[in-house]
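The primary structure of each chain is shown beneath.
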Amino acid sequence: QVQLVESGGGLVQPGGSLRLSCAASGSILSIGTMDWYRQAPGKERELVATVTSTYNTYYADFVKGRFTISRDSAKNTVHLQMLSLKPEDTAVYYCNAVVKVAPTGGYFEVWGQGTLVTVSS
């Protein structure tokens, strides 16, 4: 019943920028931590950035200083602004969230469908 819908992926040249967005919808009472993960071909999924319900942020070392995570709690959305993109940033990027679901009030981890980011000249 709860879905995360991602957008913003695409092809960009090295040094370019992209802004990813993820919107949660469904029977949502509240959302806790929201995250961005990525997975490159043949590689393990890795955490890119996290923003908590109190707006604390965490960044993986390989994106620190280049990427910015933000959230709009009123719209149940999270964004990832990506600057100075490198070929090694090429991956499928996944949105993740811990969602308090109506009517039970239980917490569930929900994943988006993924959006492909390709950094290439």
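Higher on the page you've got the structure.
All of the points below concern the structure found in this document. Treat the numbers as computed from the prediction; the structure is a model and nothing was measured.

1. Quick notes on the overall build of the protein chain
Of regular secondary structure, the protein chain possesses 0 helices and 11 strands. Across the protein chain, helices and strands are ordered from the amino to the carboxyl terminus as β-β-β-β-β-β-β-β-β-β-β. Relative to the 2.2 N^0.38 estimate, which gives 14 Å for 121 residues, the radius of gyration of the protein chain is 14 Å and therefore close to what a compact globule would have. Along the first, second and third principal axes, the C-alpha set of the protein chain runs to 50 × 25 × 25 Å. Taking all 121 residues of the protein chain together, 40% fall into the buried category. Here the protein chain displays about 6400 Å² of accessible surface, and carbon together with sulfur accounts for 50% of that area. Taken as two groups, the 10 positive and 9 negative side-chain charges of the protein chain have centres that lie 4 Å from each other.

2. Details of the sheet that holds strand β3 (residues 18-25)
Spatially, the 4 strands line up as an open sheet ordered β1-β3-β8-β7, and their pairing is antiparallel. This sheet does not close on itself; its edge strands, each paired only once, are β1 (3-7) and β7 (67-72). For this sheet, the mean inter-axis angle between neighbouring strands, taken without regard to orientation, is 15°. Across 6 bridges, the pairing between β3 and strand β8 (residues 77-82) is antiparallel. Residue pairing across strands places R19 opposite Q81, the latter belonging to β8.

3. A word on the state of the cysteines
Using the criterion set out here, one finds 1 disulfide in the structure. Covalent S-S linkage joins C22 and C95, the inter-sulfur distance amounting to 2.2 Å. As the torsion about the S-S bond is roughly -80°, the C22-C95 disulfide counts as left-handed. Here C22, found in strand β3, pairs with C95, found in strand β9 (residues 91-101); they are 73 residues apart in sequence, far enough to count as distant. Like C22, the residue C95 is buried in the burial classification.

4. Notes on the pairing of β8
Summarising burial for β8: 5 of the 6 residues are buried, a large majority. Here 6 bridges tie β7 to β8, and the two strands are oriented antiparallel to one another. The partner of R71 across the bridge, within β8, is V78. Counted between consecutive antiparallel strands, the loop separating β7 from β8 contains 4 residues, among which N76 sits at a positive phi close to 55°.

5. Section: the packing of aromatic side chains
Following the criterion strictly, the structure yields 1 aromatic pair and no others. Pairing Y37 with W111 gives two aromatic rings, centres 5.0 Å apart and planes at 55°, and the pair type is tilted. Here W111 lies in strand β10 (residues 106-111) and Y37 lies in strand β4 (residues 28-39), a separation of 74 residues in the sequence. Take Y37: its relative accessible area is 18%, and that puts it in the buried class. Among the residues examined, W111 registers a relative accessible area of 30% and is labelled partly exposed. Just above the ring of Y37 sits the side chain of R45; from NZ or CZ to the centre is 5.2 Å.

Here is what the cut-offs are and how they apply
Residues numbered from 1 in each chain as written. Predicted model: local features only at pLDDT ≥ 70, side-chain atom pairs only at ≥ 80, totals over all residues. Heavy atoms only, no water. Helix = DSSP H or I, 4+ residues; strand = E, 2+ residues; numbered from the N terminus. Rg over C-alpha atoms; globule rule 2.2 N^0.38 Å. Buried < 20%, exposed > 50% of the residue type's maximum accessible area, 1.4 Å probe, protein only. Areas by Shrake-Rupley, 256 points an atom, 1.4 Å probe, with all protein chains shown as cover. Lys, Arg positive; Asp, Glu negative; His and termini not counted. Charge placed at Lys NZ, Arg CZ, Asp CG, Glu CD. Pairing = 2+ DSSP bridges. Axes fitted to C-alpha atoms, helices over the stretch in contact; angles between N-to-C directions. Disulfide = S-S within 2.5 Å. Phe/Tyr/Trp six-rings, centres within 6.5 Å; stacked < 30°, edge-to-face > 60°. Lys NZ or Arg CZ within 6 Å of the ring centre and 35° of its normal.

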